[in-house]
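Reading the structure
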There are 2 protein chains.
Amino acid sequence: MKQVTIKDIAELAGVAKSTVSRYLNGGSVGKATREKLDRVIRDTNYEPNQFAQSLKSKQTKMIGVIVPRLDSYAASRTMMGIDEQLTERGYQMLVVNTAQQTEREIEQLYNLAKQKVAGIIWLGTTVTERHLEAIEAIQIPVLLIGQQHDNVHSLVYPDHEAANALGSEFMRWGHRNVVYVGVSETDIAVGQERRDGFLKSFQESGANVRVIQTTFKIEDAIPIGEQLADEVGTVSLIVCATDNIALGVLKGLANQGIEVPNDISVSGFGGYDFTEVLHPSITTVHLPYRRTGSKAADMMLQLLHGEHVPMKTFTIFELKVRESVDKLK
Amino acid sequence: MKQVTIKDIAELAGVAKSTVSRYLNGGSVGKATREKLDRVIRDTNYEPNQFAQSLKSKQTKMIGVIVPRLDSYAASRTMMGIDEQLTERGYQMLVVNTAQQTEREIEQLYNLAKQKVAGIIWLGTTVTERHLEAIEAIQIPVLLIGQQHDNVHSLVYPDHEAANALGSEFMRWGHRNVVYVGVSETDIAVGQERRDGFLKSFQESGANVRVIQTTFKIEDAIPIGEQLADEVGTVSLIVCATDNIALGVLKGLANQGIEVPNDISVSGFGGYDFTEVLHPSITTVHLPYRRTGSKAADMMLQLLHGEHVPMKTFTIFELKVRESVDKLK
DNA sequence: TTGTGTTGCGGAACCGGTTCCGCAACATTT
DNA sequence: AAATGTTGCGGAACCGGTTCCGCAACACAA
């Protein structure tokens, strides 16, 4: 089961190594030689040694993907999309997990560079100076998903716009006393854009809003739901920054015997699969994670081929009006 | 930003390449030389070129992980566990997705071998002759998670035992008319072991069982739930082979206005996070996916170090008695 | 026929490490 | 003091590819 090398092929075909290499890489090779090599290579089912290739070329067919966590719906779906597209185009995905530590993102940028990945797709949470510095230093195309920065190619969800659209819809339905449950501002896209999109719609309608901050964890949202149970009657709608938060809030409300949407309405954001299948199904915004992954892979390959790619690209979004938010009028 | 090579180091320190290499790999080096090299290497922050190393050694510090899908709860959690452990021990995880195509599993076994991964962790669904053949051929340690076979090191969930334990519990609660919603037998662990574990407990109590087959997809379970709504009153319990199936069934029942657990009980299997946070929370069996991942990584490293590892290892399980199953007595 | 251009191919160097071998310097034993 | 053993180090080959350069063979125009 020993490796067949280019040297073996050369000997079997009675030519020089260099000729075999040229044959493989589409250089000029005579007809007779080509046919001989065709045969020999097929017979031996030769496969080039990737290390030798990479050693020389300082390149691989790998795209590094930096994800904040492996067990998030958004990340999983995005990875699927990336993987599909890359596999199809002859590249491989190399996933690295940062376990939500910003420091490790930077570390991994350098690390992936060391491994000579052809490009890096980064599912970002925050963009700091040190990130930019790393990106600058490694001299490898980087594509940012989910966050944006002028200096980095980015593929971003229309958080502001989508939040605003969903919020406006709620206003049209007559909600005037709402609580917004969001996350930290360090996450620009979710913590700021998304929130501001909602707030804008609420303000324009002169609604009453209170903002509460929590984390991305379901558990942390449960007590919030429990507390908000006391405000049933005055507050008519709880808007959550993510579907997971909505899930926690719903649980907290249920723990207090509150019924959704009869007693109070709750909305999510993200469009995770389970939102549809829950009872009540959750009104939310669907973001195309998987297709965004494919798109990202596609853009990355364009970058690698030197084609022009806009610095900032927005994805689409889709309102999912379902059961968890009541129309008051 | 050019690579610093071992040659550069050698020149700066005034020694031969071979001496530097020996220094790096713990060979015999004199005190004076060692100190000089200490300094030079620190100053240049030299990093060895992995391709050159792998080219020579025909080895990498990568462990390939073959997963059937990227967006499954079980797979994600397992990957997390694997990744944590590997990272800590200086290895890297290389995930490859087979998109549930058996054919691609085999392909990837060979492919990972070509990439000279040190070992392969395989989250299996079915084990065929061709798989075994591939494993035999590639001469790389393979560790199977979630399924078992005598010829392959495997780390498996106690499906039969856990199912039996949960089923027995239900019997104790007085359920005598149950429907089991399972999956295809091609998946030995889930399709057979799990089912048989349940059936055994039901039979021992002389309960009435009907078995229905579906897929792993949530959507496919919804119509089943809807149909079973007609049997409320006669059937008292629906046992589902996975939490996702339970989710679908619950949705189907809810669509028909059936209340769980008042009208009928439903149980899951797997212990996905969301089962706890749903309303009603789902009675299920918790399987330690993440810890199993860590354990798998650990075992793999043992295998690589030539230590003895038992051919078959079972994980623990834990019954999660919650709201979705009623105690009839 | 000579000159010019094109094409096909071999040889050698190179990518950046590791490892084998042999030699010199020094320490130890008798 | 000679014989033997140990240690530190350099040189060269090797891993398996790619690429540059130059030469030979052939085709074609002059």
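Note that the structure is predicted; figures quoted are calculated from it, not measured.

**Some thoughts on the interface of chain B and chain A**
- Taken residue by residue, the interface counts 31 residues in chain B and 31 residues in chain A.
- Elements supplying a minimum of two residues to the side of chain B that touches chain A: helix H4 (50-57), helix H5 (73-88), strand S2 (92-97), helix H11 (243-255) and helix H12 (274-277) of chain B.
- Residue composition of the side of chain B that touches chain A, by class: 16 nonpolar, eight polar and seven charged.

**A word on the protein's contact with DNA strand C**
- Around DNA strand C sit 27 residues in total, of which Ser18(A), Ser28(A), Gly30(A), Ile6(B) and Ser18(B) are the nearest.
- Every element with two or more residues in the surface near DNA strand C is listed here: helix H2 (17-24), helix H3 (31-44) and helix H4 (50-57) of chain A together with helix H2 (17-24) and H4 of chain B.
- Here the surface near DNA strand C takes five residues from H2(B), the largest share from any one element.
- Taken together, the residues of the surface near DNA strand C sort by class into 10 nonpolar, 12 polar and five charged.

**Quick word on the nonpolar core**
- Within the largest apolar cluster, 167 residues are counted, with the highest numbers of intra-cluster contacts made by Val249(A) and Val249(B).
- The contacts of Val249(B), once residues within four sequence positions are left out, are Val181(B), Ala221(B), Ile224(B), Gly225(B), Ile238(B), Cys240(B) and Val266(B).

**Structural notes on the environment of Gly252(A)**
All names here are of chain A.
- Mapping Gly 252 onto the fold places it in helix H11 (residues 243-255).
- Assessed through the 21 C-beta atoms surrounding it within 10 Å, Gly 252 is described here as buried.
- With 167 residues separating them in the primary sequence, Gly 252 and Gln 85 have C-alpha atoms 40 Å apart.
- Setting aside residues up to four positions removed in sequence, Gly 252 forms contacts with Ala 221, Ile 222, Pro 223, Ile 224, Gly 225, Glu 226 and Ala 229.

**Observations concerning the sheet that holds strand S11 (residues 312-314) of chain B**
All names here are of chain B.
- The sheet built from six strands is open, its strands ordered S2-S1-S3-S4-S5-S11 with parallel pairing. Where the open sheet ends on each side, the last strands, each with one partner, are S2 and S11. Taking the axes of each pair of neighbouring strands and ignoring which way they run, one obtains an average angle of 20° across the sheet.
- Note: strand S3 (residues 119-123) against strand S4 (residues 142-145), four bridges, orientation parallel. For Leu 123, the partnering residue across the bridge sits in S4 and is Ile 145.

**Here we look at the domain arrangement of chain A**
Residue and element names in this part refer to chain A.
- Split into domains, chain A comes out as domain 1 (6-48), domain 2 (58-157 + 290-314) and domain 3 (159-286).
- Each side of the interface is counted separately: domain 2 has eight residues, and domain 3 has seven residues.
- Partitioned by chemical class, the residues of the side of domain 2 that touches domain 3 number four nonpolar, four polar and no charged.

**Observations concerning the relation of the copies chain B and chain A**
- Superposing chain B onto chain A takes a rotation of 180° plus a shift of 0.0 Å along the axis, which leaves an RMSD of 0.1 Å. As the rotation angle and translation indicate, the two copies are arranged about a two-fold axis. Minimal C-alpha distance to the rotation axis in chain B is attained by Phe51(B), lying at 2.5 Å.
- Most of the interface of chain B is mirrored in chain A, where 100% of its interface residues are also at the interface.

Cut-offs applied
Residues numbered from 1 in each chain as written. Chains lettered and ligands numbered in written order. Predicted model: local features only at pLDDT ≥ 70, side-chain atom pairs only at ≥ 80, totals over all residues. Contact = placed C-beta atoms within 7 Å. Helix = DSSP H or I, 4+ residues; strand = E, 2+ residues; numbered from the N terminus. Nonpolar A, V, L, I, M, F, W, Y, C, P; charged D, E, K, R; others polar. Near = placed C-beta within 6 Å. Core = buried A, V, L, I, M, F, W, Y, C linked by C-beta atoms within 7 Å. Buried ≥ 20, exposed ≤ 12 C-beta atoms within 10 Å, placed from the backbone. Pairing = 2+ DSSP bridges. Axes fitted to C-alpha atoms, helices over the stretch in contact; angles between N-to-C directions. Domains from an automatic or database assignment. Least-squares fit on C-alpha atoms with pLDDT ≥ 70 in both.

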